[in-house]
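A structural walkthrough
Single-letter residue listing:
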Amino acid sequence: MAKEIERKFLLDELPHTLPCKKKEYIRQGYLAVSDTGKVRIRQKDNRFNQTVTKGLGKNREQFKVELTENQFESFWPGTSHCRLEKTRYNYKWKDHMIHIDQFHGPLDGLYTAKIQFGNETSARTFKKPSFLADEISFDPRYKNHFLAELPAEQRKHILASGITKSLIGSIPFIREGGEKKVILITKRKEKHWIFPKGQQERHMTFKQVALMEAEEEAGITGHISGSPIRIPYEKMEFTCNLLAYPLEVKRVFKKWREDGERQRKIVTIKEAYRLSDRLSVHCSLQYLEQFC
């Protein structure tokens, strides 16, 4: 059985040049969310159900039961702390179906697009159309239960325009035979292992900033080998956006601008997961494994 792979993107508005094949109104809320599972109720047009999810990742189990409208409405007040509403539009673009969610209420202005692929090759070689913006496939903030309880002060960061005044970085990797290795550096005053990143610079493109920071912080040069992803970066007591570009490294310098302030390591992807506890690093590694 083929493994189904999903990629997710932001966009500024609905693609009005494409004909909509289907439109559905959705509202869903969570009666319980924990580290071990969640209980969700959902309305999709005139259909209602309750889903109980146990476990995480590949080991999770799901149980779904249909509800009547009266049953759904009796449960709905219990989701007041964690709910969302959206309209889903289904579009055909070339050989792909694109499912676009337009969110309402507190999340008004947010549009996300989901595309499913039958295999890894088609997912990896996908060239996104111009109406899609940043990829968010590995950003946990765009999971429905996170969006449903997202703090008000974080909502501006999840919009397509929310990269303004955020960080730009790279995911440096080297191909050795059939294996990829990554280059990690330490933060200046801490031993946390991260990828190179920095603030936006005036009169420089995002790509130029990513390449500059990689050379200054890690002493590496190369070329951008794919589209960037948007991921969360925890900075002090708040979370901002990091736009990370895959960077295929061609040269590693023995001496570089910040070699006295940082350590540098070339490790396998598996070792990088163990070495770093940063969410931004783990999101980047997932992207590198699947789509680069």
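Residues numbered from 1 in each chain as written. Predicted model: local features only at pLDDT ≥ 70, side-chain atom pairs only at ≥ 80, totals over all residues. Heavy atoms only, no water.

**A closer look at empty space enclosed by the protein**
Quick reminder of the rule: A pocket, in this scheme, is an open set of points on a 1 Å grid over the protein atoms alone with protein on both sides within 12 Å along at least 5 of 7 lines, while a cavity is a set where a 1.4 Å probe fits but cannot get out; residues line either one if an atom lies within 4 Å of a point. Grid points are joined across faces, edges and corners, and a volume is the space filled by probe spheres set on the points. For helices the rule is a DSSP run of H or I covering at least 4 residues; for strands it is a run of E covering at least 2, with both sets numbered from the N terminus onward. Polar here means any residue outside two lists: the nonpolar Ala, Val, Leu, Ile, Met, Phe, Trp, Tyr, Cys and Pro, and the charged Asp, Glu, Lys and Arg; Gly therefore counts as polar.
Under the defined criterion, the tally for this structure stands at two cavities of 30 Å³ or more. Approximately 60 Å³ is the volume found for the largest cavity. Taken together, Ser170, Ile171, Ile194, Phe195, Lys197, Tyr233, Leu242, Ala244, Ser280, Val281 and Ser284 make up the full set of residues lining the largest cavity. Among the elements of the structure, strand E9 (167–176), strand E15 (238–252) and helix H6 (279–291) are those that each provide at least two residues to the lining of the largest cavity. If you add up the space inside the second largest cavity, you get close to 50 Å³. As for the second largest cavity, its lining consists of Pro232, Tyr233, Glu234, Arg278, Leu279 and Ser280. For the lining of the second largest cavity, the elements supplying multiple residues, two or more each, are strand E14 (229–235) and H6. With three residues, E14 is the single largest residue contributor to the lining of the second largest cavity. Of the residues belonging to the lining of the second largest cavity, the class tally is three nonpolar, one polar and two charged.

**Some details on the layout of surface pockets**
Counted as a void, the second largest pocket has a volume near 430 Å³. Taken together, 19 residues make up the lining of the second largest pocket; nearest its centre are Lys187, Arg188, Lys197, Tyr233 and Lys235. Those elements giving two or more residues to the lining of the second largest pocket turn out to be strand E12 (197–199), helix H4 (206–218) and E14. In terms of residue class, the lining of the second largest pocket is built from four nonpolar, two polar and 13 charged.

**Quick word on the pattern of salt bridges**
Should the charged atoms of two oppositely charged side chains come close, the side chains can pair. Stated precisely, the cut-off is as follows: One speaks of a salt bridge when a side-chain nitrogen belonging to Lys or Arg is within 4 Å of a carboxyl oxygen belonging to Asp or Glu. Each residue is assigned to one of three classes by its accessible area relative to the maximum for its type, calculated with a 1.4 Å probe on protein chains only: buried under 20%, partly exposed between the two thresholds, exposed over 50%.
In this structure the tally under the stated criterion is 19 salt bridges. One salt bridge connects glutamate 217 with arginine 262, and the closest N-O pair in it is separated by 3.3 Å. Of this pair, glutamate 217 sits in helix H4 while arginine 262 sits in the loop between E15 and strand E16 (264–268), and the two are 45 residues apart along the sequence. Residue glutamate 217 is classed as buried on the basis of its relative accessible area of 5%. Through salt bridges with shared partners, a single ionic network connects Arg188, Glu217, Glu258, Glu261 and Arg262.

**Description of the packing of aromatic side chains**
Counted only if it meets this: Aromatic contacts are taken between Phe, Tyr and Trp rings whose centres are within 6.5 Å, Trp giving its six-membered ring; a plane angle under 30 degrees counts as stacked, one over 60 as edge-to-face, and the others as tilted.
A complete count under the given rule lists nine aromatic pairs for this structure. Taking the centre distance of 5.2 Å and the plane angle of 45° together, the rings of phenylalanine 48 and phenylalanine 72 count as tilted. Here phenylalanine 72 lies in helix H1 (residues 69–75) and phenylalanine 48 lies in strand E4 (residues 47–54), a separation of 24 residues in the sequence. Judged by centre distance (6.2 Å) and plane angle (85°), the ring pair of tryptophan 93 and phenylalanine 126 falls under edge-to-face. Of this pair, tryptophan 93 sits in strand E6 (residues 83–93) while phenylalanine 126 sits in the loop between helix H2 (120–124) and helix H3 (144–148), placing them 33 residues apart in sequence.

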